[in-house]
Amino acid sequence: MREGARRCRPSWSKLPGRLGRPLAVHLPGAPALEVDHLTVLYDGRPALEDVTFRLSGGERLAIVGPNGAGKSTLLKVIAGVLPPTSGEVRIRGQDPCGHRCIAYLPQRNEIDWRFPVTVFDVVMMGRVGRLGLLRRPGARDRALVRQALAAVGLAELAARGIGELSGGQAQRMFIARALAQEAELVLLDEPLAGLDTPSQEAILGLLDLLQAGGATLLLSLHDLDIAAQHFPLVLLLNRRVVAFGPPPQAFTPEKLVEAFGGRLRTLPDSGVIVTDPCRTQEGGDAGVG
Amino acid sequence: MQALADFFTSPLAFPFMVRGLVASALVGALCAVMGTYVVLRGLAFFGDALAHAILPGVAVGYLTTAGDRRSLFWWGLGTAILVALGIGAVSKRGRLKEDTAIGVVFAGMFALGIALISTVRGYAVELVHFLFGNVLGVSTHDLVLIGAFGGAALLVVLLFYKEFLVISFDPDLAATLRLPTAFLRQLLLVLIAVTVVVSLKTVGVALMLAMLVTPAATAYLLVKRFSWMMAVGAGLGALSGVLGLYLSYWTGIASGAAIVLVATGLFLLVLLSRLPRGGGA
């Protein structure tokens, strides 16, 4: 732990008194998310520097940047999993730590896929925060989990071990967990990485579903095309905010070079190609037309 | 048929065997339940280190109470909990990697324990008992302690089952659900410490790791749900304890070693039966 870091205090830390510290109250009129001069240092080196932006409820934002740009760090600070070194994150006007309405969907490689749990078990984990200590899941929790699984099209696979899931199914399972968690702010860390196009389409469809339910969405993405096509707002990040706004304004050649630091070629049809040196082994140039 | 029945019943004529069998079964089951966390969270090295690091505490108890067996449990328990909390605290903000820090501390404490015990004349027998257990020396009082503390540890696991599952599977989820992650982590380490101390007399310091890891690992190969892994592991652990003690009785092998060998045999059996068939590859 870094020194001076503020960490989330647990909601039932004051054992054995009244369990459950009062949760953060959503202030009326406060933005769904405010990130205010946020800086995060790892071993004295900045992972994020002076990041500032805000989102209204129900919006969706794609965070785009090269590897090491701080996308995961930003999502984890917003989730209240990592403490900021300086600056502030406010969700509905309050510190993230008081909120149970934030879902963070991990990158695929952060999970041990040989862990002995079923798809149903993982989605039920989304209920644990609301259940509280000493309470077992009840009929309502099980119904919510089944509903969430049905919504993402995994009802048939509820009893499967998680090791048997494809990449797309795994991602849908985590979206179901966010639904079961009744999350209002959903943070997805590279949800489309390594998926084929049909699976990506399926996930993008589920984002619409989450958004229709009133959730605010933040995704980290590698693919500029998908960001430009499916997101009304993008954040171009390379430790600092390079650009924030609608894709046409954010994805200008100059900004893209600034963010990716690679070479940039202007195509005859006025498109651009950014060559990200970090991505060459994945065989991908990030292109936008 | 009669021979088989005799194999199991004739040792029961000795009260020390009955006590030993009960202790082995309880310890085997308890170790496997806690071992589920040890296996899934990669805490094997921590468990081994903890078992070794309580030796100086037990040694001090042994020296200061002139060998009063009853107080040794409490010395061991106190040391184990201190070491568990200490490792939990150190590993969070040390400059060394966690396993290096644990290695330094545990080897040093183990050496201190041996040094302390070696100041007693004729220490070899005692040392062997600490290292490899002395299940046939288990008293009724020991059984009560095993039952009480083992039962308490299992009760805590039951109470915090869903929370422990979440921090084991996805610590970031635990944080966003606002669970008290630091508290739960420390609690889990303390429970493993209690398990180690409760099992000390049955399997000893040196073979403790096998009881924590092997039956749980066997269960891991057999089932795909966490709760089943605990239940099957507990059954396998208890079975290893009982069969191992019979094996020890009839062959004269050291009891701790026999128990661990049975557990290892069961593991290999399951592992081989799970290998893909055909071609032998």
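See the structure above.
One structure accompanies this document, and this report is about it. Because the structure is a prediction, the values reported are computed rather than measured.

Details of the interface of chain A and chain B
Contacts between chain A and chain B engage 44 residues on the former and 27 residues on the latter. Around 3,100 Å² of area is buried between chain A and chain B when both sides are counted, 63% of it from carbon and sulfur atoms. A salt bridge links Arg225(B) to Asp121(A); the nearest nitrogen and oxygen atoms lie 2.4 Å apart. On the surface where chain A and chain B come into contact, there are 10 residue pairs in polar contact (both at pLDDT 80 or more). Of all elements in the fold, only α1 (71-79), β5 (102-105), α2 (119-125) and α3 (128-131) of chain A reach the threshold of two or more residues within the side of chain A that touches chain B. Tallied by class, residues from the side of chain A that touches chain B come to 24 nonpolar, nine polar and 11 charged.

Some words on the packing of helix α3 (residues 44-53) of chain B against helix α12 (residues 208-222) of chain B
For any two helices packed against each other, one specifies the inter-axial angle together with the distance between the axes. Residue and element names in this part refer to chain B. Between α3 and α12, whose axes approach to 8 Å, the crossing angle comes to 155 degrees. The pairing of α3 with α12 is recorded here as roughly antiparallel in orientation. Two packed elements cross with a definite hand, and for α3 against α12 that hand is right-handed. Touching Ala44, Gly47, Asp48 and Ala51 of α3 are Met208, Leu209, Leu212 and Val213, all from α12. For the contact of α3 with α12, the residue count by class is six nonpolar, one polar and one charged.

Quick look at the sheet that holds strand β1 (residues 33-42) of chain A
All names here are of chain A. The antiparallel open sheet is built from three strands, whose spatial order is β2-β1-β4. Whereas interior strands pair on both sides, the edge strands pair on one side only; in this sheet they are β2 (45-55) and β4 (86-90). Across this sheet, the average inter-strand angle for adjacent strands is 20 degrees, counted without regard to direction. The strands touched by α1 within the sheet are β1, β2 and β4, with β1 carrying the most contacts at an inclination of about 120 degrees.

Here we look at the sheet that holds strand β3 (residues 60-64) of chain A
All names here are of chain A. Read across the open sheet, the six strands follow the order β5-β6-β7-β3-β8-β9; overall the sheet is mixed. The open sheet is flanked by β5 and β9 (240-245), the only strands paired with a single partner. When the angles between neighbouring strand axes are averaged without regard to direction, this sheet yields 15 degrees. Along the sheet face, helix α5 (residues 167-180) touches β5 and β6 (185-189) and points at about 170 degrees away from the line of β5. Against the sheet, helix α9 (residues 253-260) engages β3, β8 (233-238) and β9, with an angle of about 45 degrees to β8.

Structural notes on a nonpolar patch on the surface
Residues and elements named next belong to chain B. There is a patch of nonpolar side chains on the surface, built from Met1, Leu4, Phe7, Phe8 and Trp250 and spanning about 550 Å² of accessible area. Top contributing element to the nonpolar patch by residue count: helix α1 (residues 2-9), with three residues. The residue Trp250 is located in helix α13 (residues 226-251) in this model. Trp250 gets classed as partly exposed once you look at its relative accessible area, which sits at 42%.

A look at the pattern of salt bridges
Residue and element names in this part refer to chain A. Going through the model one piece at a time under the given rule, you end up with 20 salt bridges over all chains. When the shortest N-O distance is used, the salt bridge between Arg60 and Asp208 registers 2.2 Å. One end of the pair, Arg60, is in strand β3; the other, Asp208, is in helix α6 (residues 197-212), and 148 residues separate them in sequence. Given a relative accessible area of 42%, Asp208 falls into the partly exposed group. Note that Glu182 and Arg140 form a salt bridge whose closest N and O atoms lie 3.8 Å from each other. Here Arg140 lies in helix α4 (residues 139-151) and Glu182 lies in the loop between α5 and β6, a separation of 42 residues in the sequence. In this structure Glu182 comes out as partly exposed when scored by relative accessible area, which is 31%. Among the residues examined, Arg140 registers a relative accessible area of 54% and is labelled exposed.

Concerning unusual backbone geometry
Residues and elements named next belong to chain A. Backbone geometry places His37, a non-glycine residue, at a positive phi of 50 degrees. Mapped onto the secondary structure, His37 falls in strand β1. Residue class for His37 comes out partly exposed when judged on its relative accessible area of 47%. Phi is positive for Asp43, close to 50 degrees, though the residue is something other than glycine. Tracing the sequence through the fold places Asp43 in the loop between β1 and β2.

Focus: the pairing of β8(A)
All names here are of chain A. Where burial is concerned, most of β8 is hidden: five out of the six residues are buried. Relative to β8, β3 is paired through four bridges, and the arrangement is parallel. Its bridge partner being in β8, Val64 is matched across the sheet by Leu236. As paired elements, β8 and β9 share five bridges and run antiparallel to each other. Paired with Leu237 across the two strands is Val241, which belongs to β9. Between the end of β8 and the start of β9, which pair antiparallel, lie one residue, with Arg239 showing a positive phi angle near 65 degrees.

Notes on empty space enclosed by the protein
All names here are of chain A. In total, this model carries three cavities of 30 Å³ or more according to the counting rule given. Its boundaries defined by the atoms lining it, the largest cavity holds a volume of some 60 Å³. If you trace the largest cavity, you find it lined by His26, Ala32, Ile91, Arg92, Cys101, Glu184, Leu185, Gly214 and Thr216.

Analysis parameters
Residues numbered from 1 in each chain as written. Chains lettered and ligands numbered in written order. Predicted model: local features only at pLDDT ≥ 70, side-chain atom pairs only at ≥ 80, totals over all residues. Heavy atoms only, no water. Contact = heavy atoms within 4.5 Å. Buried area = accessible area lost by both parts, 1.4 Å probe. Salt bridge = Lys/Arg side-chain N within 4 Å of Asp/Glu carboxyl O. Polar contact = N/O pair within 3.5 Å; in protein donor to acceptor, adjacent residues only side chain to side chain. Helix = DSSP H or I, 4+ residues; strand = E, 2+ residues; numbered from the N terminus. Nonpolar A, V, L, I, M, F, W, Y, C, P; charged D, E, K, R; others polar. Axes fitted to C-alpha atoms, helices over the stretch in contact; angles between N-to-C directions. Parallel < 35°, antiparallel > 145°, perpendicular 65-115°, else oblique. Left-handed = near helix turned anticlockwise from the far one by under 90°. Pairing = 2+ DSSP bridges. Patch = residues over 30% accessible without salt bridge, like charges linked within 9 Å, V, L, I, M, F, W, Y side chains within 5 Å. Areas by Shrake-Rupley, 256 points an atom, 1.4 Å probe, with all protein chains shown as cover. Buried < 20%, exposed > 50% of the residue type's maximum accessible area, 1.4 Å probe, protein only. 1 Å grid on protein atoms, 1.4 Å probe; cavity = no way out; pocket = protein on both sides within 12 Å on 5 of 7 lines; lining within 4 Å. Points joined across faces, edges and corners; volume = space filled by probe spheres on them.

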